[in-house]
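Given next are the chains, with one letter for each unit.
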Amino acid sequence: MEPYRYLKEMFGIVEGTAIDNVLDIGLGSAPIVGKIYQSYKFMKLEKRMNINQKQLLTIKTKIENSENERFYKQEIFPLIVKKLMEDDEDEKAKVIIDGFEYFIDNNLKEVERIYHYYDVLTELRYSDIILLIDRYFPTDMRKIKPLQSTWFINEWERARYQEKDAIINYQVNKLIRLGLLKEEEVFIDEGYTRESIYKVIITDFGRRFLEFFAFDEDE
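As the structure is a prediction and not an experimental result, all values here were calculated from the model.

*Asks:* Would you mind going over the environment of Gly179 in detail, with residue names and values included?
*Replies:* As for its position among the elements, Gly179 is in the loop between helix H11 (165-177) and strand E1 (181-190). Here the alpha-carbon distance between Gly179 and Phe205, two residues 26 residues apart in the chain, equals 6.9 Å. Setting aside its immediate chain neighbours within four residues, Gly179 contacts Thr203, Phe205 and Gly206.

*Asks:* Account for the side chain of Asp128, with residues named and values stated.
*Replies:* Structurally, the position occupied by Asp128 is in helix H8 (residues 126-136). On the basis of relative accessibility, which here comes to 1%, the residue Asp128 falls in the buried class. Polar contacts involving the side chain of Asp128 include one to the side chain of Gln171, which spans 2.8 Å. Those residues in contact with Asp128, other than ones at most four positions away along the chain, are Glu123, Gln171, Lys174 and Leu175.

*Asks:* Run through unusual backbone geometry, naming residues and quoting values.
*Replies:* With a phi close to 50 degrees, Asn107 is a non-glycine residue in the positive phi region. Checked against the element boundaries, Asn107 lands in the loop between helix H6 (93-105) and helix H7 (111-123). Taking the relative accessible area as the measure of exposure, Asn107 reaches 40% and is therefore partly exposed.

*Asks:* Give me the lowdown on the nonpolar core, citing residues and values where you can.
*Replies:* Within soluble globular proteins, side chains that are nonpolar tend to cluster in buried spots. One finds Phe100, Tyr118, Phe209 and Phe212 to be the most contacted residues of the largest nonpolar core, which totals 49 residues. Residues in contact with Phe209, not counting those within four places in the same chain, are Tyr117, Val120, Leu121, Leu124 and Leu180.

*Asks:* How would you sum up helix H5 (residues 69-86)? Please name residues and give values.
*Replies:* Across its 18 residues, H5 extends 25 Å between first and last C-alpha, which sits within 8% of the 26 Å expected from 1.5 Å per residue. At Ile76, H5 is deflected by roughly 45 degrees, the largest bend along its length, and proline Pro78 occurs up to four residues later in sequence. Of the positions making up H5, those classed as buried are Tyr72, Lys73, Ile76, Phe77, Leu79, Ile80, Val81, Lys83, Leu84 and Met85.

*Asks:* So what about the packing of aromatic side chains? Which residues, and what values?
*Replies:* Think of a pair of aromatic rings as described by two things: how far the centres are apart, and how the planes are tilted against each other in angle. With the rule as written, the count across this model stands at 15 aromatic pairs. With a centroid separation of 5.6 Å and 55 degrees between ring planes, the pair formed by Phe71 and Tyr72 is classed as tilted. Pairwise contacts between aromatic rings join Tyr102, Tyr117, Tyr118, Phe205, Phe209, Phe212 and Phe213 into one cluster.

*Asks:* Describe H6, with residues and values.
*Replies:* End to end, H6 covers 18 Å across 13 residues, agreeing with the expected 18 Å (1.5 Å per residue, within 8%). When you tally the buried positions in H6, you get 11 out of 13 residues, the bulk of the element. Of the residues one or two after H6, Asn107 is the one with positive phi, at around 50 degrees.

*Asks:* Go over the packing of H8 against H11, please, and point to the residues and values.
*Replies:* Two numbers describe how H8 lies on H11: the axes approach to 10 Å, and their chain directions differ by 85 degrees. On the basis of their axis angle, the class for H8 and H11 is roughly perpendicular. For the pair H8 and H11, contact is made by Ser127, Asp128, Leu131, Leu132, Arg135 and Tyr136 and by Ile168, Gln171, Val172, Lys174 and Leu175, respectively. Across the contact of H8 with H11, the residue classes break down as six nonpolar, two polar and three charged.

*Asks:* Mind laying out the pattern of salt bridges, listing which residues take part and the relevant values?
*Replies:* Per the counting criterion, the structure on display carries 15 salt bridges. Among the salt bridges present, the one from Lys47 reaches Asp90, with a minimum N-O distance of 2.7 Å. In this pair, Lys47 sits in helix H3 (residues 36-51) while Asp90 sits in the loop between H5 and H6, placing the two residues 43 residues apart along the sequence. Asp90 sits in the partly exposed class, given a relative accessible area of 34%. One salt bridge in this structure joins Lys174 and Asp128, with 2.7 Å as the shortest N-O distance. Of this pair, Lys174 sits in helix H11 while Asp128 sits in helix H8, and the two are 46 residues apart along the sequence. No difference in accessibility class separates Lys174 from Asp128, as the two residues are buried.

Rules and cut-offs
Residues numbered from 1 in each chain as written. Predicted model: local features only at pLDDT ≥ 70, side-chain atom pairs only at ≥ 80, totals over all residues. Heavy atoms only, no water. Helix = DSSP H or I, 4+ residues; strand = E, 2+ residues; numbered from the N terminus. Contact = heavy atoms within 4.5 Å. Buried < 20%, exposed > 50% of the residue type's maximum accessible area, 1.4 Å probe, protein only. Polar contact = N/O pair within 3.5 Å; in protein donor to acceptor, adjacent residues only side chain to side chain. Core = buried A, V, L, I, M, F, W, Y, C linked by side-chain atoms within 4.5 Å. Expected span 1.5 Å × (residues − 1). Bend = angle between axes of the 7 residues up to and from the residue. Phe/Tyr/Trp six-rings, centres within 6.5 Å; stacked < 30°, edge-to-face > 60°. Axes fitted to C-alpha atoms, helices over the stretch in contact; angles between N-to-C directions. Parallel < 35°, antiparallel > 145°, perpendicular 65-115°, else oblique. Nonpolar A, V, L, I, M, F, W, Y, C, P; charged D, E, K, R; others polar. Salt bridge = Lys/Arg side-chain N within 4 Å of Asp/Glu carboxyl O.

So, to be careful, I would describe these as geometric facts and stop short of saying anything about function.
Dropping the structure here:
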């Protein structure tokens with residue numbers, strides 16, 4: 001798959017037009033004309049598209065067979081490209097694309113919803129997502145998608161994201177701030193006394209968020 005050709009077809013860019021020439025310069029000749037930063041972003045996009053090319057081609061076919069083709073290409077796809085270009089972590093590229101496919105597979109049309117979800121995703125590190133799943137996503141919900149087999153590749157991958165207590169506390173506080181987790185007061189009976197503690201649990205939004213970005217067809 002040639003990323004720039006894929007982008008042209010998705011955006012409906014006609015060969016030889018001014019927009020076509022700009023895209024060609026951005027993806028091909030930018031280093032020569034000194035557009036280093038723009039070139040870096042396009043190279044990052046190209047790398048991530050190539051890694052996920054099978055899924056992207058499947059998505060393109062689904063869109064072209066959909067009655068909402070124009071909507072997906074003009075309203076949603078530009079956001080996906082922007083996120084793939086700008087996100088700092090390569091690991092999140094598949095998550096970004098998974099959300100796009102979920103949106104199409106479920107025939108969703110709420111533009112505000114997808115923008116909110118991707119805004120939250122932008123604020124998360126890959127390790128934040130792993131912590132959210134590993135500690136708070138109910139095991140019985142994981143039958144929807146084998147998340148661990150998708151995101152935890154091996155023991156080295158898991159060990160890579162082991163954090164110190166201070167960092168984990170920071171991550172939990174961030175997840176609470178974003179509405180993915182919440183603190184809930186729990187009462188415990190201790191003989192003649194009743195004590196309360198605060199327990200951190202996943203929110204309904206947190207569950208929907210993980211389902212949205214974890215859902216794709218089994219390989």
